[in-house]
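# Descriptive structure summary
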Amino acid sequence: MNNKIKIGFIGLGAMGKPMAVNFLKEGYAVFAYDVNAKTVDELVAKGAVGCSNSGAIARASEIIFSSLPNASIVEMVMVEKEGVFDNCREGTIIIDMSSVSPSSTLKMAGIAEAQGIKYVDAPVSGGTKGAEAGTLTIMVGADKDVFEKIKTVLEVIGGDIYHVGPTGTGDAVKIVNNLMLGCNMATLAEALILGVKCGLKVETMQEILSKSSGRSYAMEAKLEKFIMKDDFEGGFAIDLQYKDLGLALEAGRENSIPLPMTALATQIFESGRASGLGREDMSAIIKVWEKITNVKVAGE
Ligand code: NAD
C-alpha cells in the first residue's frame, strides 16, 4: 500500500463500480462493500480490499464514497447499528454521490458534524459512460475548506467539478438538472409519436430537429442510441428518473414551489413503470405512447 488517501466505496452498481475501478487504476487503496457480494468479488479481482459491511469500510477508510439507489438506503447505511457513523474516526470525510434530497443530506450532515465527521453531497451527471471514462460532472455541496481537501480525489473520477455551495446545494442542482431531463424526455416521446402520425420518418425528424430549436440533451442522448434502434437495454433506468422527479416534487413541496410540468412528467414515467418498463432506459416511455396510439416510431 502507498501513502495515498485510503478510499472506501459503498455501493458498487452501474455508477459506483466504474468509479471505484478508476481509483484502483490511479493506485489508491480501495476498500469496497456492496450488499451484492458478486460485485465486491469483481472489484477484489481488480485489486480492491473486499469488506463485508459498511462499518468495516468506515474503520479502514479516510474518505468514504457512497453511490446508492435512494435516500432511505443512504440513511440506513450511515445510521444503522455498526454502520458508517458508528465506526468512523473523527476527521473522516463522507462523500455521498447518490441522487437524494437536500433535506436527507442535511440530516446526515448534522449527525456527522456532531461526531467531527464531514459529510458532503456530490451527485453526478454523465451516466455510466462518464463514470467509466472518469469524466463525470460532479456537483459538490460542502464548506470551501472541505471542497479544497477533496478536489484532487474527485479529479480521479470527474471532468467538470463544481463547488456549488454549502451542504445540500449539490443535491439541489442535480434535482433541477434531472427535472429538466425528465420533462424533456417526456416531451420528446409525445412529439415523435405526433410526427410519425403526421407522416414523418423518425430519421427525418432526427436530422432536422438536431439543427432546430426543439433539440435537447434528451434528444441527443436518447433518440439515435435507443429509440431509433428500438433497443432500451442499459442507460438510465425509468425507475431512477422517476425517483429523481419525485425528489423534485418533494423539494417543491418543502419550498412551496408549484411544479406542474414535473408532476405531469412523473405520471408519464409512472405509466412506464406500470407497463413493466422500470428497468429499461428512460427513453422506453415512448413504448407507452406507441401502445396507446398504435403508432410505431422505429423498428418496423
Ligand atoms: P445501481 O442500482 O446500479 O447501484 C446501486 C448499488 O447499491 C447496487 O450495486 C446495490 O447492490 C447497492 N446497494 C443497495 N443497497 C445497499 C446497501 N444497503 N449497502 C450496500 N450496497 C447497497 O444504481 P446506479 O445506477 O449505480 O445509481 C447509483 C446512484 O447514482 C443513484 O442514486 C442514481 O440515481 C445516481 N445516478 C445514476 C446514474 C446512472 O446513469 N445510472 C447517473 C447519475 C446518477
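Refer to the preceding data block for the structure.
Residues numbered from 1 in each chain as written. Predicted model: local features only at pLDDT ≥ 70, side-chain atom pairs only at ≥ 80, totals over all residues. Heavy atoms only, no water.

### A closer look at the packing of aromatic side chains
Evaluation of the coordinates by the stated rule reveals 5 aromatic pairs. When the centroid spacing of 6.4 Å and the interplanar angle of 50° are considered together, the rings of Phe9 and Phe23 count as tilted. Placement of Phe9 in strand β1 (residues 7–10) and of Phe23 in helix α1 (residues 16–25) is noted, with a sequence separation of 14 residues between them. With respect to class, Phe9 is no different from Phe23; both count as buried. Between Phe23 and Phe65 the ring centres are 5.3 Å apart and the planes differ by 40°, which places this aromatic pair in the tilted class. Of this pair, Phe23 sits in helix α1 while Phe65 sits in strand β4 (residues 63–66), placing them 42 residues apart in sequence. Looking at Phe65, the relative accessible area reads 0%, which means it is buried. Members of the aromatic cluster, joined through ring pairs, are Phe9, Phe23, Tyr28 and Phe65. The ring of Tyr28 is capped by Lys4, whose NZ or CZ atom sits 4.8 Å from the centre of that ring. (Phe/Tyr/Trp six-rings, centres within 6.5 Å; stacked < 30°, edge-to-face > 60°. Helix = DSSP H or I, 4+ residues; strand = E, 2+ residues; numbered from the N terminus. Buried < 20%, exposed > 50% of the residue type's maximum accessible area, 1.4 Å probe, protein only. Lys NZ or Arg CZ within 6 Å of the ring centre and 35° of its normal.)

### Some points on the layout of surface pockets
Here the idea is plain: a probe the size of a water molecule rolls over the atoms and shows the empty space left. For the second largest pocket, the calculated volume is near 160 Å³. Forming the boundary of the second largest pocket are Asn184, Thr187, Leu188, Ala191, Leu192, Met205, Leu209, Gly214, Ser216 and Met219. Secondary structure elements with two or more residues in the lining of the second largest pocket: α9 (169–197) and α10 (202–209). Top contributing element to the lining of the second largest pocket by residue count: α9, with 5 residues. Taken together, the residues of the lining of the second largest pocket sort by class into 6 nonpolar, 4 polar and no charged. (1 Å grid on protein atoms, 1.4 Å probe; cavity = no way out; pocket = protein on both sides within 12 Å on 5 of 7 lines; lining within 4 Å. Points joined across faces, edges and corners; volume = space filled by probe spheres on them. Nonpolar A, V, L, I, M, F, W, Y, C, P; charged D, E, K, R; others polar.)

Purely spatial values, then, with no claim about function.
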